[in-house]
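The lines below spell out each chain.
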Amino acid sequence: MGEERRLSKRTNIDVTISLQHLDNGKPTGDSGDAVSVNVVDISKTGMAFRSSHKFLLNTYYNTRITLDNKETIQTVIEIIRAESREDSIYYGCRFIGITAEEQFKIDVYQIVTENNPA
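Residues numbered from 1 in each chain as written. Predicted model: local features only at pLDDT ≥ 70, side-chain atom pairs only at ≥ 80, totals over all residues. Heavy atoms only, no water.

Any chance you could explain helix H1 (residues 100–115) here in plain terms?
Each full turn of the α-helix corresponds to 3.6 residues, which orients residues three or four apart in the same direction. Between its first and last C-alpha atoms H1 spans 23 Å; for 16 residues at 1.5 Å apiece the expected length is 22 Å, and the two agree. Three or more residues of H1 are buried, namely Glu 102, Lys 105, Ile 106, Tyr 109 and Gln 110. With its buried residues spanning 135 degrees around the axis, H1 presents them on a single face. Along H1, exposed side chains directed more than 90 degrees from the buried face belong to Ala 100, Glu 101, Phe 104 and Asn 115. For H1, the secondary structure elements touched by its buried residues are strand S1 (11–23), strand S3 (35–42), strand S6 (72–85) and strand S7 (88–96). (Helix = DSSP H or I, 4+ residues; strand = E, 2+ residues; numbered from the N terminus. Expected span 1.5 Å × (residues − 1). Buried < 20%, exposed > 50% of the residue type's maximum accessible area, 1.4 Å probe, protein only. Arc of directions from axis to C-beta. Contact = heavy atoms within 4.5 Å.)

Right, here's the structure in full:
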């Protein structure tokens, strides 16, 4: 395995979110519809998700993430990597313009998750 390059700690998560493609700052996308994906981990700076839908690298999507503790995070993501595995493609994303308040929500979620493992 390669050297870890992430700047922020990742926490496993299992939630489904919708992504809406952004083009020139305006929502667009496949037939104008949002695409549902399964988030597998999250950090203050980004997240990873899996999907059978093909996303292009360096594209932007508006999303709302609801954590297990019911906190919601509204942000834009940029797809920065893709890796094919079995029946899905795993995508790595970075958050664009996430607020300090929303990063704090992720910090709290990570602390609670670590102290109360399922």
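From this point on, the discussion continues.
Would you mind going over the pairing of S1 with me for this structure?
For a regular strand, side chains alternate in direction, first toward one face of the sheet and then toward the other. In the sheet, S1 pairs with S3 via seven bridges, with the strands oriented antiparallel. Looking at the pairing, Asn 12 lines up with Asp 41 of S3. As judged from the four bridges shared by S1 and strand S5 (residues 60–66), these two strands associate in the antiparallel manner. Among the inter-strand pairings, Leu 19 is bridged to a residue of S5, identified as Thr 63. (Pairing = 2+ DSSP bridges.)

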